[in-house]
Amino acid sequence: TYIQNSQNSQVATNIGSSRIQSHELSMLGKRAGFTVRPSATWLVTENRSEVSYQKGKALPLRTPFRFQAEVSYQLRFLELSYGMGFYSETFSDLSNSRTLDSFWIHRAGVGVSTKDAGKFRLDAENLTNVLTLAGSQTGYLTTESFGVAGFPAPGRRIVFTWILEV
């Protein structure tokens, strides 16, 4: 797993043994050029290492609940889309003494389909530029903040995708 080691970075940390159980619900609806894709994920994690203060705790930076939705509109070869994701409160350390607040991520994109060259997409992700989250340590509010790294990367992003079916 990854543990926060500074505001915008994380470091890989070994865990002796763990259990992760995930449940996901997703739907797809299409009508008159519109597509709606909502999904929800519930995650139950358990640290099963032999370290006494970690055993039985939740794994850090694994949000127990995540909701995502995307709405897109297809007009001949052009597709416009908007998506959002909600990530629930989680822990930032192995002992579960530091919590991170829940947060929202928003994205927008445009795609162009061609006859021979495939589909091209340009997406702007993390539109509200979520970089840090408020935290608390063992029930007391702290002035510390933790970088939202690995969701999938901190800060705003522009992503270009080329999909070619062969």
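In this convention, every chain numbers its residues from 1, walking through the sequence in written order. Residue-level local features of this predicted model are given only where pLDDT is at least 70; pairs of side-chain atoms are given and counted only at 80 or more, and the full residue set underlies all totals for whole chains, interfaces and linings. Remark: hydrogens and water are excluded; side-chain values derive from all non-hydrogen atoms of the structure.

Asker: Teacher, can you tell me more about the pairing of strand E7 (residues 78–87) here?
Answerer: Successive side chains on a regular strand alternate, one facing one side of the sheet and the next facing the other. Relative accessible area decides the class of each residue, using a 1.4 Å probe on protein chains only: under 20% of the type maximum gives buried, over 50% gives exposed, and in between gives partly exposed. Working definition: helices are DSSP H or I runs of at least four residues, strands are E runs of at least two. Numbering for both runs from the N terminus. When you tally the buried positions in E7, you get seven out of ten residues, the bulk of the element. By the bridge criterion, ten bridges tie strand E6 (residues 65–75) to E7 in an arrangement that is antiparallel. Residue pairing in the sheet places Arg-66 in a bridge with Tyr-87 of E7. Note on pairing: two strands pair once DSSP finds at least 2 bridges between them. Taking the residues between adjacent antiparallel strands as the criterion, E6 and E7 are bridged by two residues, where Arg-76 takes a positive phi near 50 degrees. Sheet topology places E7 next to strand E10 (residues 103–113); ten bridges connect them, and they run antiparallel. Note that in E10 the partner of Gly-83 across the bridge is Arg-107.

Asker: It is not clear to me how the pattern of salt bridges should be interpreted in this structure. Could you clarify?
Answerer: If the charged atoms of two oppositely charged side chains come close together, the side chains can form a pair. Each salt bridge in this description consists of a side-chain nitrogen of Lys or Arg and a carboxyl oxygen of Asp or Glu lying within 4 Å of one another. This model, assessed by the stated rule, comprises eight salt bridges. Between Lys-55 and Glu-50 there is a salt bridge; the shortest N-O distance is 3.9 Å. By relative accessible area, Lys-55 is classed as partly exposed at 47%. Glu-79 is the partner of Lys-119 in a salt bridge, and the nearest nitrogen-oxygen pair spans 2.7 Å. Highlighted residues: Lys-119 in strand E11 (residues 119–125) and Glu-79 in strand E7, separated in sequence by 40 residues.

Asker: Is there a simple way to explain the packing of aromatic side chains in this structure?
Answerer: Any aromatic ring pair is given by two values, namely how distant the centres are and how the planes are angled relative to each other. Pairing of aromatic rings covers Phe, Tyr and Trp, the last through its six-membered ring, and needs centres within 6.5 Å; plane angles under 30 degrees mean stacked, over 60 mean edge-to-face, and all others mean tilted. Following the criterion strictly, the structure yields seven aromatic pairs and no others. Consider the rings of Phe-120 and Trp-162, whose centres lie 5.9 Å apart with planes at 5 degrees: the pair is stacked. Taken as a pair, Phe-120 in strand E11 and Trp-162 in strand E14 (residues 157–163) lie far apart in primary sequence, 42 residues in all. Overall, the relative accessible area of 26% leaves Phe-120 in the partly exposed class. Overall, Trp-162 belongs to the exposed group, its relative accessible area being 51%. Taken together, the ring pairs connect Trp-42, Phe-65, Phe-86 and Trp-104 into an aromatic cluster.

Asker: I'm lost on the confidence of the model for the protein chain in this one. Help?
Answerer: If pLDDT is low for a region, its predicted coordinates should not be looked at in detail. pLDDT measures how confident the predictor is about each residue, on a scale from 0 to 100. Of the residues in the protein chain, 78% reach a pLDDT of 70 or more, and the chain-wide mean stands at 83. For this analysis, residues touch if any pair of their heavy atoms sits within 4.5 Å. Below a pLDDT of 50 lies the segment residues 143–147, which in the model reaches 22 contacts outside its immediate sequence neighbourhood of four places, other chains included.

Asker: Any chance you could explain a nonpolar patch on the surface here in plain terms?
Answerer: Patches were defined on residues exceeding 30% relative accessible area and lacking a salt bridge, with like-charge contacts within 9 Å and nonpolar side-chain contacts (Val, Leu, Ile, Met, Phe, Trp, Tyr) within 5 Å. Using a 1.4 Å probe, accessible areas were evaluated by the Shrake-Rupley method; residue-level cover was limited to the displayed protein chains. Residues Leu-80, Val-110, Leu-122, Ile-158, Phe-160, Trp-162, Leu-164 and Val-166 make up a contiguous nonpolar surface patch of roughly 890 Å² in combined accessible area. With three residues, E14 is the single largest residue contributor to the nonpolar patch. Following the sequence through the fold, Val-110 ends up in strand E10. Val-110 sits in the partly exposed class, given a relative accessible area of 30%.

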